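# Structural description and commentary
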Amino acid sequence: MVRFKLIIIWVMCLFITHDSISQTPNEVLLELRNQNIKYPKIVLAQSLLETGRFSCTTCSMDANNLFGLRNVKENKWFHFNTWQESIGGYKRMIEYRYNEKNYNNYYDFLDKIGYAVDPNYINKLKSIVNKIK
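Residues numbered from 1 in each chain as written. Predicted model: local features only at pLDDT ≥ 70, side-chain atom pairs only at ≥ 80, totals over all residues. Heavy atoms only, no water.

Burial runs high along helix α4 (residues 40-50): eight of the 11 residues are buried. Considering only its buried residues, α4 is in contact with α3 (25-34), α5 (83-93), α6 (106-112) and α7 (121-131). G52 sits one or two residues past α4 and shows a positive phi near 60°. (Buried < 20%, exposed > 50% of the residue type's maximum accessible area, 1.4 Å probe, protein only. Helix = DSSP H or I, 4+ residues; strand = E, 2+ residues; numbered from the N terminus. Contact = heavy atoms within 4.5 Å.)

This is the structure in structure tokens:
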């Protein structure tokens, strides 16, 4: 009986692929808007850039983390139960610090807080945002 159950579980796992549990840019954009993210297209661009357009296999996506949010003390990704929860994590860890009075725009904010180490990160974000409909 135990062997039978293990076989059933194994067969079920064969049908659960990365594609069946992944998200699309449109779904992420909709969820960003549902969670009242201030600049959803920029934040969508961040998620696309951080995850290789949701296709990386050795990045923060393993932790349902669309933004590469790291626990610096433990030197590992923050883990979320769903990718939707990672949007809430972004809002609590990053967006809450944004104050329009202190920055020229959201790109300036991301640059000043050192969101990414890539010196071309902001230009890459702008390029992706320009392609989002």
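As a packed pair, α4 and α7 sit with axes 9 Å apart at the nearest point and diverge in direction by 115°. Between α4 and α7, the crossing angle belongs to the class labelled roughly perpendicular. For α4 against α7, the interelement crossing comes out right-handed. The residues of α7 that touch α4, namely those facing K41, I42, A45, Q46, L48, L49 and E50, are Y121, K124, L125, I128 and V129. Considered class by class, the residues forming the contact of α4 with α7 number eight nonpolar, one polar and three charged. (Axes fitted to C-alpha atoms, helices over the stretch in contact; angles between N-to-C directions. Parallel < 35°, antiparallel > 145°, perpendicular 65-115°, else oblique. Left-handed = near helix turned anticlockwise from the far one by under 90°. Nonpolar A, V, L, I, M, F, W, Y, C, P; charged D, E, K, R; others polar.)

In terms of nonpolar packing, the biggest core is built from 34 residues, with F67, Y90, Y106 and L110 touching the most fellow members. Counting only elements with at least two residues in this core, the list comes to α3, α4, α5, α6 and α7. (Core = buried A, V, L, I, M, F, W, Y, C linked by side-chain atoms within 4.5 Å.)

On the secondary structure map, S60 appears in the loop between α4 and β1 (70-71). Counting along the chain gives 20 residues from S60 to F80, while the straight-line C-alpha distance between them is 10.0 Å.

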